[in-house]
Amino acid sequence: MADKDYYKILGLSKTASQDDIKKAFKKLAFKYHPDKNPGDKKSEDHFKDVNEAYAVLSDEKKRRQYDQFGSSGVHQRYSQEDIFRGFDARDIFSEMGFGGDIFGTIFGGGKAGGILAAA
């Protein structure tokens, strides 16, 4: 698996604050959200990457692991399910005007768990 640069995916530097990470995530999740880009596989892939980057960088422990070992190191230490454990962006998507269970609808399985099956 090629190492993903989560900071680059979110358009941030390694010194980004948690607030910066959340703002970047909201902006990019809105831009690439499947409801805004129906049937666009490239946008769907970006949406998945943005969600994964946010799931790691918004969690201080996972972010430290990522900063030390990169995404391949995170994937060695955490299963896909563990990466998204505790990650629930429904509140953020509701703030952006997207209702319902986007993860269940788009990826199957509800919450972020369905992303894993599609990733």
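Keep in mind that what you see is a predicted model, and the values were worked out from it rather than measured. Residue indices begin from 1 for each chain and proceed along its sequence in written order. Confidence filtering applies because this is a predicted model: local features only for residues at pLDDT of at least 70, side-chain atom pairs given and counted only at 80 or more, and all residues used for totals across whole chains, interfaces and linings. For the side-chain quantities, the full set of heavy atoms in the structure was used; hydrogens and water were omitted.

A.B. asks: I'd like to hear about the packing of helix H3 (residues 41–57) against helix H4 (residues 60–77), residue by residue, with values.
C.D. replies: For any two helices packed against each other, one specifies the crossing angle of their axes together with the interaxial distance. Look at H3 against H4: their axes get within 10 Å of each other, and the N-to-C directions meet at 140°. Judged by the angle between their axes, H3 and H4 are oblique. Residues Glu52, Ala55, Val56 and Leu57 of H3 form the contact with H4, whose own contacting residues are Lys62, Arg63, Tyr66, Val74 and His75. For this scheme, ten residues count as nonpolar: Ala, Val, Leu, Ile, Met, Phe, Trp, Tyr, Cys and Pro. Four count as charged, namely Asp, Glu, Lys and Arg, and the remainder, Gly too, count as polar. The class makeup of the residues in the contact of H3 with H4 is five nonpolar, one polar and three charged. Each axis is a line fitted through C-alpha atoms, and for a helix only the stretch in contact is used; angles between axes span 0 to 180 degrees, taken between their N-to-C directions. Helix numbering and strand numbering both begin at the N terminus, where a helix is a DSSP run of H or I of at least 4 residues and a strand a DSSP run of E of at least 2. Angles are sorted into four bins: roughly parallel if under 35 degrees, roughly antiparallel if over 145, roughly perpendicular if 65 to 115, and oblique for all others. It only takes one pair of heavy atoms within 4.5 Å for two residues to be counted as in contact.

A.B. asks: So what about the confidence of the model for the protein? Which residues, and what values?
C.D. replies: In low-pLDDT regions, the fine details of the predicted coordinates are not to be read closely. Confidence in the prediction for the protein averages 81 pLDDT; 71% of positions are at 70 or higher. When mean pLDDT is compared element by element in the protein, helix H1 (residues 6–10) scores highest at 98, while helix H8 (residues 113–118) scores lowest at 40. pLDDT gives the predictor's per-residue confidence on a scale running from 0 to 100. Scored below 50 in pLDDT, residues 109–119 shows 27 contacts in the model against residues more than four places distant or in partner chains.

A.B. asks: Account for H4, naming residues and giving values.
C.D. replies: With 18 residues, H4 should reach 26 Å at 1.5 Å per residue; the first-to-last C-alpha distance of 15 Å falls well below that figure. Each residue is assigned a bend, namely the angle between axes fitted to the seven residues that terminate at it and the seven residues that start at it. The principal kink in H4, of about 120°, is found at phenylalanine 69. The cut-offs for exposure are 20% and 50% of the maximum accessible area for each residue type, with area from a 1.4 Å probe on protein chains only; residues under the lower value are buried, those over the upper are exposed, and the others partly exposed. When we look at burial in H4, the residues that qualify are Lys62, Arg63, Gln65, Tyr66, Gly70, Ser71, Gly73, Val74 and His75. Structurally, H4 contributes buried residues whose contacts are with H1, helix H2 (18–32), H3 and helix H5 (80–84). The N-capping residue of H4, defined by a side-chain oxygen 3.0 Å from the backbone nitrogen of lysine 61, is aspartate 59. To estimate the expected span of a helix, count its residues, drop one, and scale the result by 1.5 Å. Pairing of N or O atoms within 3.5 Å defines a polar contact, subject to two protein rules: one partner must be a possible hydrogen donor and the other a possible acceptor, and residues neighboring in sequence count only if both atoms are side-chain atoms.

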